[in-house]
Number of protein chains: 2
Amino acid sequence: MKSMNLFLRNRTVAKLSDVERARLEQAVTDRRRLPARATLLERGEALSHSTMLIAGFMIRYIDDLEGRRQIVAFHVPGDFVDLHGYPLKVLDHSIATLTQAQIATVPHAALKRLTDNDVEFARKLWASTLLDASTHREWLFRLGRLDAAGRVAHFLAETNARLGAIGLSDGTGYDLPITQTDLSEITGLTSIHVNRVLRMMREERVCTFRSSRVEIADLERLERIAQFDPTYLYLEADVAGTQSLDKEIRHG
Amino acid sequence: MKSMNLFLRNRTVAKLSDVERARLEQAVTDRRRLPARATLLERGEALSHSTMLIAGFMIRYIDDLEGRRQIVAFHVPGDFVDLHGYPLKVLDHSIATLTQAQIATVPHAALKRLTDNDVEFARKLWASTLLDASTHREWLFRLGRLDAAGRVAHFLAETNARLGAIGLSDGTGYDLPITQTDLSEITGLTSIHVNRVLRMMREERVCTFRSSRVEIADLERLERIAQFDPTYLYLEADVAGTQSLDKEIRHG
DNA sequence: CGACACGTTGAGATATATCAAACGTGGTGG
DNA sequence: CCACCACGTTTGATATATCTCAACGTGTCG
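Residues numbered from 1 in each chain as written. Chains lettered and ligands numbered in written order. Predicted model: local features only at pLDDT ≥ 70, side-chain atom pairs only at ≥ 80, totals over all residues. Heavy atoms only, no water.

*Asks:* Could you clarify how one ought to interpret the sheet that holds strand E7 (residues 101-107) of chain A in this entry?
*Replies:* Whether parallel or antiparallel, the strands of a sheet pair through hydrogen bonds between backbone atoms. Residues and elements named next belong to chain A. Taken in spatial order, the three strands of this open sheet run E1-E7-E3, and their pairing is antiparallel. In this open sheet, the two strands that pair with only one neighbour each are strand E1 (30-34) and strand E3 (49-55). Each adjacent strand pair in this sheet contributes to an overall mean axis angle of 30 degrees, direction not counted. Relative to E7, E1 runs antiparallel, the two sharing five bridges. For Arg-33, the partnering residue across the bridge sits in E7 and is Gln-102. Against the sheet, helix H3 (residues 108-116) contacts E3 and E7, and its axis sits at roughly 60 degrees relative to E7. (Pairing = 2+ DSSP bridges. Helix = DSSP H or I, 4+ residues; strand = E, 2+ residues; numbered from the N terminus. Axes fitted to C-alpha atoms, helices over the stretch in contact; angles between N-to-C directions. Contact = heavy atoms within 4.5 Å.)

Laid out in structure tokens, this is it:
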């Protein structure tokens, strides 16, 4: 599989041309497989290349004093996991795999070469890092304004939409081989409480999360519980099985 | 006052040269004053220019279904409030003033002109938007892992450090003309609980927040309660009155 | 088969929210 | 200059969501 096939797939901003995609592809110097739950980068390390996720799931996280981690980003195939490390040079967080993963590496020198000659391309890469920032903001909304059920539902709805955009969800379910503890580190809850929320969702026939798979029984209700409005993902309108709320509701 | 004087002041990344600063200054087409609590931009609006905050405080926020807002970013003088609107074109959140504010406007056409001819400068602007993303991530940590006292303390410690970098805090106190309700919308708490936390901080002689002013009695304790580690701000080492934790503690 | 990681459940503790009311205080109009 | 109003702050009593601790269940893999 080409590494860059999924990058910015079905996004409304920063759409890459075939030429740009090919150039990025050529800049890949290394492809490899990472085991599950492996740390790729520690907070504070200097970077000389960036990582494209081709298959599997990765996270970015920050630890507190007791070593409990807060996951601040969740990555799906096609995500340029640490492209922001190119302009920033040092990262303020760590990066790890959640599942076994396949990655491709692009040296910063190559990115420099590509962007020095092509302002438009540089602007697209810039925009792609801002999509991550947009997702950060929605996560802030999630943690600051939603209760436990809303947070879990929001993550499941968001992941459904993102996976839909890359062909890994048809809107009725998707594979998600992560633990309830991972989910708790994403949602700022305890794994025990996540478990109770999941039971409630199962009993209420909203969705199930069992043996590494999410089955969505009632997408509309899931997204309502989550107050999910996919605007922030900048996805093409027809992508994914997302019902989405009538925009007026949220904007009203 | 020159609009761009404070932009990226005392940051370790994306430091601007005098020439770059002057060019940005020349790109300013408009300066004006905004009243307190005025909305500058609504989520979803298309943008043709970006806003530099010169004086006062502004926020970016997302509303939930009941119209309660979650503040996702807090801006101090010298911040390019919506530079990310240049590559993104449409924003996923709203922007408003908290206090009376003074702003300068830079048209996107001018930004295009400046960056088309200067790749290095473009990369710096890119990096500056990534500093915001870094702050978003720390806020996720704050909401996901800290209790009420920690969250309030974290915001006060962060603001102390950021204001220190632009000469508006000497580490013992600073002006912060916002309400406890604003604070609650930043920290994801109720204003009543924020009030109780503030009382505790006052009684414990950590800091006071009264009549629009923060007085820090014990910065080290404030930062410990907040688990505050300013790495994510990418500030010059000697700036601000921040004590900061020994890095080893947090990284361990 | 046993070990280990992950999931599930219950009982009780605790942090934070909610509801209600009183208290400043600065600004405005009479 | 006073009276009043609006807004923000403060406090108390009570409700509730989530956490903590502890135990038990279940599937997978060596």
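*Asks:* Would you explain the sheet that holds strand E10 (residues 213-216) of chain B in this entry?
*Replies:* Residues and elements named next belong to chain B. Pairing in this open sheet of three strands is antiparallel, and the strands run E8-E10-E9 from one edge to the other. The open sheet has two edge strands, strand E8 (173-175) and strand E9 (207-210), and neither has a second partner. Across the sheet, the mean angle from the axis of one strand to that of its neighbour is 10 degrees, orientation sign disregarded.

*Asks:* Before we go on, may I ask you to explain the relation of the copies chain A and chain B in this structure?
*Replies:* The second copy of the chain is related to the first by a rotation about an axis and a shift along the axis. Taken as rigid bodies, chain A and chain B are interconverted by a rotation of 180 degrees and an axial shift of 0.0 Å, the fit giving an RMSD of 0.0 Å. The transformation relating the two chain copies, once decomposed into turn and shift, fits a two-fold axis. When C-alpha positions in chain A are compared against the rotation axis, the closest is assigned to A:Ala133, at 2.5 Å. A shared interface surface links the copies, since 98% of the contact residues of chain A are contact residues in chain B too. (Least-squares fit on C-alpha atoms with pLDDT ≥ 70 in both.)

*Asks:* Even after reading the chapter, I still don't get the protein's contact with DNA strand D, so can you show me in this structure?
*Replies:* The immediate surroundings of DNA strand D are formed by 15 residues, with A:Ala148, A:Ile192, A:His193, B:Gln180 and B:Asn195 found nearest. Counting only atoms of DNA strand D within 4 Å of the protein, the sugar-phosphate share comes to 69%. For DNA strand D, a phosphate oxygen lies 2.6 Å from a polar atom in the side chain of B:Asn195. Between B:Arg196 and DNA strand D, the recorded distance is 3.1 Å, taken from a side-chain N or O atom to a base nitrogen. (Near = heavy atom within 4 Å. Polar contact = N/O pair within 3.5 Å; in protein donor to acceptor, adjacent residues only side chain to side chain.)

*Asks:* Can you help me understand the pairing of E9(B) in this one?
*Replies:* Each regular strand displays side chains that alternate between the two surfaces of the sheet. Residue and element names in this part refer to chain B. Alternating residues of E9 divide into Cys-207 and Phe-209, all buried, and Thr-208 and Arg-210, none buried. Where E9 and E10 come together, four bridges link them in antiparallel fashion. Counterpart to Thr-208 in the pairing with E10 is Glu-215. Linking E9 to E10, which pair antiparallel, is a turn of two residues; within it Ser-211 sits at a positive phi near 40 degrees. (Buried < 20%, exposed > 50% of the residue type's maximum accessible area, 1.4 Å probe, protein only.)

*Asks:* Got a minute to help me understand the interface of chain A and chain B in this structure?
*Replies:* Think of interface size as the accessible area that goes away when the parts come together; that is how it is often given. Residue-level contacts link 56 residues of chain A with 55 residues of chain B. When chain A packs against chain B, the two sides together hide about 5100 Å² of surface, and 64% of this comes from carbon and sulfur. In this assembly, chain A and chain B are joined by eight salt bridges. Among the ionic pairs, A:Glu138 bridges to B:Arg43, the shortest N-O distance being 3.9 Å. Between chain A and chain B we count 22 residue pairs in polar contact (both at pLDDT 80 or more) in total. Where the side of chain A that touches chain B is concerned, the elements lending two or more residues are strand E4 (58-63), strand E5 (69-75), helix H2 (85-88), H3, helix H4 (119-145), helix H6 (180-187) and helix H9 (247-251) of chain A. In terms of residues, the side of chain A that touches chain B owes the most to one element, H4(A), which gives 20 residues. In the side of chain A that touches chain B, the residues fall into 26 nonpolar, 13 polar and 17 charged. (Buried area = accessible area lost by both parts, 1.4 Å probe. Salt bridge = Lys/Arg side-chain N within 4 Å of Asp/Glu carboxyl O. Nonpolar A, V, L, I, M, F, W, Y, C, P; charged D, E, K, R; others polar.)

*Asks:* Would you explain the side chain of A:Asp229 in this entry?
*Replies:* Among the structural elements, A:Asp229 can be located in the loop between helix H8 (219-225) and H9. Here A:Asp229 falls in the buried class, since its relative accessible area comes to 1%. Polar contacts involving the side chain of A:Asp229 include one to the side chain of B:Arg43, which spans 3.1 Å.

*Asks:* Teacher, can you tell me more about the side chain of B:His108 here?
*Replies:* Residues and elements named next belong to chain B. Relative to the helices and strands, His-108 resides in helix H3 (residues 108-116). Here Ser-50 takes part through its side chain, which lies 2.9 Å from a polar atom of the side chain of His-108. Apart from residues lying up to four places away in sequence, His-108 is in contact with Leu-47, Ser-48, His-49, Ser-50, Gly-85 and Tyr-86.

*Asks:* Help me understand the nonpolar core in this model?
*Replies:* Proteins that are soluble and globular tend to have nonpolar side chains buried together. Ranked by internal contacts, the top residues of the largest apolar core, which has 98 residues, are A:Phe74 and B:Phe74. In this structure, A:Phe74 is in contact with A:Phe57, A:Met58, A:Ile59, A:Asp79, A:Leu98, A:Trp139, A:Phe155, A:Thr159, A:Arg162, A:Leu176, A:Ile178 and A:Ile186, ignoring residues within four places of it in sequence. One finds A:Leu24, A:Trp126, B:Ile54 and B:Leu131 within the second-largest nonpolar core, a separate group that totals 54 residues. (Core = buried A, V, L, I, M, F, W, Y, C linked by side-chain atoms within 4.5 Å.)

*Asks:* What's the story with the packing of aromatic side chains in this structure? I'm lost.
*Replies:* Ring pairs (aromatic) are described by centroid distance and by the angle formed between their planes. Residues and elements named next belong to chain A. Applying the stated criterion across every chain yields a total of ten aromatic pairs over all chains. Look at Phe-74 and Phe-155: their rings are 5.0 Å apart centre to centre, the planes differ by 80 degrees, and that puts the pair in the edge-to-face class. Taken together, the residues Phe-74 in strand E5 and Phe-155 in helix H5 (residues 148-165) connect sequence positions 81 residues apart. The two residues Phe-74 and Phe-155 agree in class, both being buried. Aromatic side chains Phe-228 and Tyr-232 sit 6.1 Å apart centroid to centroid with 85 degrees between the ring planes, which places their arrangement in the edge-to-face category. (Phe/Tyr/Trp six-rings, centres within 6.5 Å; stacked < 30°, edge-to-face > 60°.)

*Asks:* Before we go on, may I ask you to explain the protein's contact with DNA strand C in this structure?
*Replies:* Near DNA strand C, the surroundings consist of 15 residues, among which A:Gln180, A:Asn195, B:Ala148, B:Ile192 and B:His193 are the closest. Backbone atoms, meaning sugar and phosphate, make up 68% of the atoms of DNA strand C lying within 4 Å of the protein. In the environment of DNA strand C, a phosphate oxygen lies 3.2 Å from a nitrogen or oxygen atom belonging to the side chain of B:Thr190. Elements with a contribution of two residues or more to the surface near DNA strand C: helix H7 (191-203) of chain A together with helix H7 (191-203) of chain B. For the surface near DNA strand C, the class distribution of residues is four nonpolar, six polar and five charged.

*Asks:* Just checking my understanding: could you explain the pattern of salt bridges for this structure?
*Replies:* Residues and elements named next belong to chain B. Taken as a whole, this structure holds 50 salt bridges over all chains when the rule is applied. In this structure, Glu-158 engages Arg-142 in a salt bridge whose closest nitrogen and oxygen atoms are separated by 3.7 Å. Taken together, the residues Glu-158 in helix H5 (residues 148-165) and Arg-142 in helix H4 (residues 119-145) connect sequence positions 16 residues apart. Look at Arg-142 and you get buried, because its relative accessible area is 0%.

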